[in-house]
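What the coordinates show
Here is how the chains run, residue by residue.
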Amino acid sequence: NICSARFAMRPHFHFPGNMWTAHCSYIQTLIPPKVFPNKMQKLVKKAQKDHKKQFKSLVSESQKEPYLIGVGRFAYEHWPASHPNVRPCDVYAGPYQHSYSKLPKWSWWWTPKLQRAGWMSQEQFQGPKREWQCGEGRLYEYRFLYGTE
């Protein structure tokens, strides 16, 4: 229901560069983008208050490194992938994952390859796995944002 050059699972579900195309019916299920960043901030505060031990790094990471959680300006890259019904695909089959420092070299020979996102395992994505990015954190986010899992 949404596709981009690369769908990244870490540090949060997002589309690097925030360039994507999607079915209108899917976009209509999302929280309006105007209120999404504020809703993500509320989510971080509520998770820290309700689940201090379970999501202990959440607030400190959201303040020091907002890109790890998908808050602040990074909320806009996270927004289109924030719904539990997201079914992403991407077209770049190379090893690039995320971040500006690891962009692939441009090539005339690059050929898009449409594939369902998830063809690259979580283990292949760089960086440590945090409790927020895995099962319980993801489910908590879905419940808070959309009232569902």
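Residues numbered from 1 in each chain as written. Predicted model: local features only at pLDDT ≥ 70, side-chain atom pairs only at ≥ 80, totals over all residues. Heavy atoms only, no water.

1. Remarks on the overall build of the chain
Looking only at helices and strands, one finds five helices and four strands in the chain. Listing the helices and strands of the chain from first to last along the sequence gives β-β-α-α-α-α-β-β-α. Buried residues in the chain amount to 45% of all 149 residues. For the chain, contacts bridging at least 24 residues in sequence account for 74% of all contacts bridging at least 6. Surface accessibility of the chain: about 8,700 Å² in total, with carbon and sulfur atoms responsible for 59%. (Helix = DSSP H or I, 4+ residues; strand = E, 2+ residues; numbered from the N terminus. Buried < 20%, exposed > 50% of the residue type's maximum accessible area, 1.4 Å probe, protein only. Contact = heavy atoms within 4.5 Å. Areas by Shrake-Rupley, 256 points an atom, 1.4 Å probe, with all protein chains shown as cover.)

2. A short note on the packing of helix α2 (residues 36–50) against helix α5 (residues 135–146)
Running from N to C, α2 and α5 cross one another at 125 degrees; their axes reach a closest spacing of 10 Å. Taken together, α2 and α5 sit at an angle that is classed as oblique. Judged by the twist between their axes, the crossing of α2 over α5 is right-handed. Contacts between α2 and α5 involve Phe36, Lys39, Met40, Lys42, Leu43, Lys46, Ala47 and Asp50 from the former and Tyr140, Glu141, Phe144 and Leu145 from the latter. (Axes fitted to C-alpha atoms, helices over the stretch in contact; angles between N-to-C directions. Parallel < 35°, antiparallel > 145°, perpendicular 65-115°, else oblique. Left-handed = near helix turned anticlockwise from the far one by under 90°.)

3. Some points on the packing of aromatic side chains
Counted according to the given criterion, the structure contains three aromatic pairs. Look at Phe7 and Phe13: their rings are 5.3 Å apart centre to centre, the planes differ by 70 degrees, and that puts the pair in the edge-to-face class. The same class applies to Phe7 as to Phe13, namely buried. Grouped by ring-pair contacts, the aromatic residues Phe7, Phe13 and Phe15 constitute a single cluster. The side chain of Arg138 reaches across the aromatic face of Phe13, ending 3.8 Å from its centre. (Phe/Tyr/Trp six-rings, centres within 6.5 Å; stacked < 30°, edge-to-face > 60°. Lys NZ or Arg CZ within 6 Å of the ring centre and 35° of its normal.)

4. Some thoughts on the sheet that holds strand β2 (residues 20–22)
Taken together, the four strands give an open sheet; going across it, the order is β2-β1-β3-β4, and neighbouring strands pair in mixed fashion. Both outer strands of the open sheet, β2 and β4 (115–116), are each paired with one neighbouring strand and no more. (Pairing = 2+ DSSP bridges.)

Functional significance is not addressed by these values, which are geometric in nature.
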